Amino acid sequence: MRILIVEDARKIAEAAAAPLHRDGFAVDIVETGQAADEALALQAFDLVILDLGLPDVDGTALIVRWRARGTATPILVLTARTAVEARVSALDRGADDYLIKPFEADELAARCRALLRRARGEAHDVLRAGALVLDRVRKSVSVAGVGIELPNREFRLLDVLLTAQGRVLSKEEIAGKLYGFDDAAGPNAIEVYVARLRKRLEGSGITIRTLRGLGYTVQEDAS
Ligand code: CA
């Protein structure tokens, strides 16, 4: 899952990014409306966190522009404006939720998870495939009730694969969801993570299949 934070106050942007990094999201930070436009044109994001008071453009105007363009990405507005009109206006123009500054990191992360669930049409944060269960909130993976330890990258990779269950994901698609712009690793590193995750999933009843030239898909073994 990849999140774009549009916020010109560096400290606030970093405070918002910290709990999201902990939750395993790839996070990119931009400081202007123009940079946000460019980032969205370049890369698919699963969620945008948007400050209304940006140096070059009002955040509400960005919401209008993106929605007019057909961008369906969920938008969480961050605002220091306590006037109810500003919030109502942002929501009416296509924002999905808002948080007033100063905000609690845990609440921000929980609201992001809720928006991402809603966007995927899921009611909760638990993914299942056969006997395998991935819990995004607890950061746990288990097979038939027995826990499996997964490093952060492999955990996120499994999350991406399970979320797309039944679909083939290309290396580029997976890399786009796992990495932020500042991460050096590219699609080739995906092969390494897939190999490691495969090893960890041995005997779990779940197999990651490689479809040559297309990408990867996760499947339950035939029993
Ligand atoms: Ca601002």
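Above this text sits the structure in question.
In this text, all values refer to a predicted model and were calculated from it rather than measured experimentally. (Residues numbered from 1 in each chain as written. Predicted model: local features only at pLDDT ≥ 70, side-chain atom pairs only at ≥ 80, totals over all residues. Heavy atoms only, no water.)

Caption draft 1: Main features of the environment of Asp-51. Positionally, Asp-51 belongs in strand E3 (residues 47-51). On the accessibility criterion, Asp-51 (4% relative accessible area) is buried. The spatial distance from the C-alpha of Asp-51 to the C-alpha of Ala-114 is 19 Å, given a sequence separation of 63 residues. Residues within four places of Asp-51 in sequence aside, it is in contact with Val-6, Glu-7, Asp-8, Gly-59, Leu-78 and Lys-101. Side-chain polar atoms of Asp-51 contact the side chain of Lys-101, separated by 3.0 Å. (Helix = DSSP H or I, 4+ residues; strand = E, 2+ residues; numbered from the N terminus. Buried < 20%, exposed > 50% of the residue type's maximum accessible area, 1.4 Å probe, protein only. Contact = heavy atoms within 4.5 Å. Polar contact = N/O pair within 3.5 Å; in protein donor to acceptor, adjacent residues only side chain to side chain.)

Caption draft 2: Summary view of the sheet that holds strand E8 (residues 140-143). On the basis of which strands lie adjacent, the open sheet formed by 4 strands has the order E6-E7-E8-E9 and antiparallel pairing. Since the sheet does not close on itself, it has two edges, and those belong to strand E6 (126-129) and strand E9 (146-148), each with one partner. When strand polarity is set aside, the average angle formed by the axes of neighbouring strands in this sheet is 25°. Running over the sheet, helix H6 (residues 152-163) touches E6, strand E7 (132-135) and E8 and is turned about 110° from E7. (Pairing = 2+ DSSP bridges. Axes fitted to C-alpha atoms, helices over the stretch in contact; angles between N-to-C directions.)

Caption draft 3: The packing of helix H7 (residues 171-178) against helix H8 (residues 187-200), seen in detail. H8 packs onto H7 with a crossing angle of 90° between their chain directions and a minimal axis gap of 9 Å. When the axis of H7 is compared with that of H8, the two are roughly perpendicular. Residues Lys-171, Glu-172, Ile-174, Ala-175 and Leu-178 of H7 pack against Pro-187, Asn-188, Ile-190 and Glu-191 of H8. For the contact of H7 with H8, the class distribution of residues is 5 nonpolar, 1 polar and 3 charged. (Parallel < 35°, antiparallel > 145°, perpendicular 65-115°, else oblique. Nonpolar A, V, L, I, M, F, W, Y, C, P; charged D, E, K, R; others polar.)

Caption draft 4: Structural view of empty space enclosed by the protein. For the structure shown, the criterion picks out 2 cavities of 30 Å³ or more. Contributing to the lining of the largest cavity are Met-1, Asp-23, Gly-24, Phe-25, Arg-113, Arg-136, Lys-139, Asn-152, Phe-155, Arg-156, Asp-159 and Val-160. Among the elements that make up the lining of the largest cavity, the one with the highest residue count is H6 (5 residues). Class assignment of the residues belonging to the lining of the largest cavity gives a composition of 4 nonpolar, 2 polar and 6 charged. What the second largest cavity holds in volume is close to 30 Å³. Together, Met-1, Phe-25, Arg-113, Leu-116, Arg-120, Asp-125 and Arg-136 line the second largest cavity. Considering only residue class, the lining of the second largest cavity consists of 3 nonpolar, no polar and 4 charged. (1 Å grid on protein atoms, 1.4 Å probe; cavity = no way out; pocket = protein on both sides within 12 Å on 5 of 7 lines; lining within 4 Å. Points joined across faces, edges and corners; volume = space filled by probe spheres on them.)

Caption draft 5: Structural context of the layout of surface pockets. Taken as a whole, the largest pocket encloses approximately 200 Å³ of empty space. Met-1, Asp-46, Arg-120, Thr-163 and Lys-177 are, among the 13 residues lining the largest pocket, the residues nearest its centre. Listing elements by their share of the lining of the largest pocket, those giving two or more residues are helix H5 (105-120) and H6. The element that contributes the greatest number of residues to the lining of the largest pocket is H5, accounting for 3 residues.

Caption draft 6: The pattern of salt bridges, seen in detail. On inspection of all chains with the given rule, the structure shows 20 salt bridges. Close ionic contact of Lys-171 with Glu-191 constitutes a salt bridge, the shortest N to O distance being 2.5 Å. Placement of Lys-171 in helix H7 and of Glu-191 in helix H8 is noted, with a sequence separation of 20 residues between them. For Lys-171, a relative accessible area of 24% corresponds to the partly exposed category. (Salt bridge = Lys/Arg side-chain N within 4 Å of Asp/Glu carboxyl O.)

Caption draft 7: Local environment of the nonpolar core. Counting 30 residues, the largest nonpolar core has Leu-158, Leu-161 and Ile-174 as the members making the most contacts within it. With 6 residues, the single largest contributor to this core is H6. Ile-3, Ala-13, Leu-78 and Phe-103 belong to the second largest nonpolar core, which has 20 residues in total. (Core = buried A, V, L, I, M, F, W, Y, C linked by side-chain atoms within 4.5 Å.)

Caption draft 8: Quick peek at unusual backbone geometry. Each neighbour pair has its own omega, and for Lys-101 with Pro-102 the value is -5°, a cis peptide bond. One non-glycine residue, Lys-139, lies in the positive phi region at around 60°. With respect to the element layout, Lys-139 can be found in the loop between E7 and E8. For Lys-139, a relative accessible area of 33% corresponds to the partly exposed category. Notably, Ala-144 is not glycine yet its phi reads approximately 50°, a positive angle. Along the polypeptide, Ala-144 turns up in the loop between E8 and E9. Taking the relative accessible area as the measure of exposure, Ala-144 reaches 62% and is therefore exposed.

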